[in-house]
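Here's the letter readout for the chains.
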Amino acid sequence: MGSGGRATEKDTSGNVVVKRAPSSKPPFTLGDIKKVIPPHCFNRSLLRSSSYLFVDLFCSFLFYYVAATYIIHLSAPLSYVAWPVYWILQGSVQMGMWVIGHECGHQAFSDYPWLNDTIGYFLHTGMLAPYFSWKYSHRRHHSNTASLENDESFVPKKKSHLKPSARLLNTPPGRLFRLVILCTIGWLLYVCFNVSGRKYEKFANHFDPKSPIYSDRERFQILLTDIGLLIASYGVYKVGMAQGFTWLVLVYFAPLVIVYGFLVVITWLHHTHRSLPHYDSTEWNWLRGALSTVDRDYGIFNTVLHHITDTHVAHHLFFTIPHYNAIEATKAIKPFLGEYYQFDDTPIIKAMWREATECFFVEADESDYSENKGVYWFNNKI
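All of these numbers come straight from a predicted model, not from anything done at the bench.

## Here we look at the pattern of salt bridges
Opposite charge on two side chains permits pairing when their charged atoms draw close.
Alright, step 1. This model, assessed by the stated rule, comprises eleven salt bridges.
Alright, step 2. A salt bridge links glutamate 339 to lysine 19; its shortest N-O distance comes to 3.4 Å. Here the residue glutamate 339 occupies a position in the loop between α14 (323–337) and β6 (342–344), and lysine 19 occupies one in the loop between β3 (16–18) and α1 (30–36), the gap between them amounting to 320 residues.
Alright, step 3. The exposure class of glutamate 339 is partly exposed, given its relative accessible area of 33%.

Okay, here's the thing in structure tokens:
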């Protein structure tokens, strides 16, 4: 993919060393970056986007059919193997569908905003996700990335704001507990209680049309989101009454745990690395914030998840580029951005534990008080 900045590298002794991304104001503009990307990368094709959606829908319904027709009748020990395989396959494919719904929210699916929102609404609602609610909070995340005051998700705490209980969470059992919560109910905690999100003056969540997350012109669509979720939930309830609670958990809910585990981990790892700076209001600007993210390598899942994993830097710079053009766009910007482009190919499970260990809070470097006191870095030494 060309040259760029690696978030980690090895020293002469073979030890992994974190290489910080530049935190100074870039010597280029967003317009300069756009010029190096082939113009066709910005083109959205309804036909091509729909083909990816069709493949995902076909695979998802095929997996549902196999599970409901064959796996449900298997006895132990075969069922103990078949069900986890189904959950992983179905959850991965549905995460790919979720990514397509996410692209609809960014208007990257087609040139037709009404069609994008219609498809995204039905895709996300079918997976019990609040489409318009998340679309608008996610838009604010893109508008305020790496801002300690205004970012919307995975806003790190300053060292000075840690509570006494933080010491317990900064131990190996505490890290394991945090990762388990992150991978299981982290999504629910965020959308229901704004956990890890920006602090507001009053209670914020993704279902209240009057939530401080949203502006007055957005409140009707939050209500529309809630109506869709109520209808979908009632449909799921009726299926559960007909097929049984166990059937519903095995066939429908368990894959959703995989979906939202993927979503939370992917988002967290894109914005959590010791190489990445965060900024307070004295230093932050949009371009510096957008560059404060890191691409990761998820192996075969890069393809299954439509490359939301390994093209995230380009996505933060130009979020209307469809996923099938994002790889080419990433190849184009890497040599231009140089050290401002960050990539880490650490295996994901290893990266999760490392980031949970090393990235516990942010603080400014003591040596930077004169010039860069508004630039904060991850650390874990309490």
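## Some remarks on the state of the cysteines
In a disulfide, the sulfur atoms of two cysteines are covalently bonded to one another.
Alright, step 1. Scanning the entire structure with this criterion turns up zero disulfides.
Alright, step 2. With no disulfide of its own, cysteine 104 lies 18 Å from the sulfur of cysteine 59, the closest cysteine sulfur.
Alright, step 3. Note on cysteine 183: no disulfide assigned, nearest cysteine sulfur contributed by cysteine 359 at a separation of 16 Å.
Alright, step 4. Taking relative accessible area as the criterion, cysteine 183 reaches 24% and is therefore assigned partly exposed.

## Quick look at the packing of aromatic side chains
Alright, step 1. Across all of its chains, the model carries 20 aromatic pairs by this definition.
Alright, step 2. Aromatic pair tryptophan 83 and tyrosine 86: ring centres 5.8 Å apart, planes at 75°, arrangement edge-to-face. Residue tryptophan 83 and its partner tyrosine 86 are located together in helix α3 (residues 78–105), separated by three residues, close to a single helical turn. With respect to burial, tryptophan 83 and tyrosine 86 carry one shared label: buried.
Alright, step 3. Taken together, the aromatic side chains of Trp98, Trp134, Trp187 and Tyr260 make up a single cluster linked through ring pairs.
Alright, step 4. Taking NZ or CZ as reference, arginine 20 lies 4.2 Å from the ring centre of tryptophan 377, over its face.

## A short note on the sheet that holds strand β1 (residues 5–6)
Alright, step 1. The three strands are arranged β1-β6-β5 in an open sheet whose pairing can be described as parallel. Two strands in the sheet have a free side with no partner beyond their single neighbour: β1 and β5 (295–296).
Alright, step 2. When β1 meets β6, the two strands line up parallel, connected through two bridges. Each residue of the ladder has a partner; that of arginine 6, found in β6, is phenylalanine 343.

Reading guide: rules and limits
Residues numbered from 1 in each chain as written. Predicted model: local features only at pLDDT ≥ 70, side-chain atom pairs only at ≥ 80, totals over all residues. Heavy atoms only, no water. Salt bridge = Lys/Arg side-chain N within 4 Å of Asp/Glu carboxyl O. Helix = DSSP H or I, 4+ residues; strand = E, 2+ residues; numbered from the N terminus. Buried < 20%, exposed > 50% of the residue type's maximum accessible area, 1.4 Å probe, protein only. Disulfide = S-S within 2.5 Å. Phe/Tyr/Trp six-rings, centres within 6.5 Å; stacked < 30°, edge-to-face > 60°. Lys NZ or Arg CZ within 6 Å of the ring centre and 35° of its normal. Pairing = 2+ DSSP bridges.

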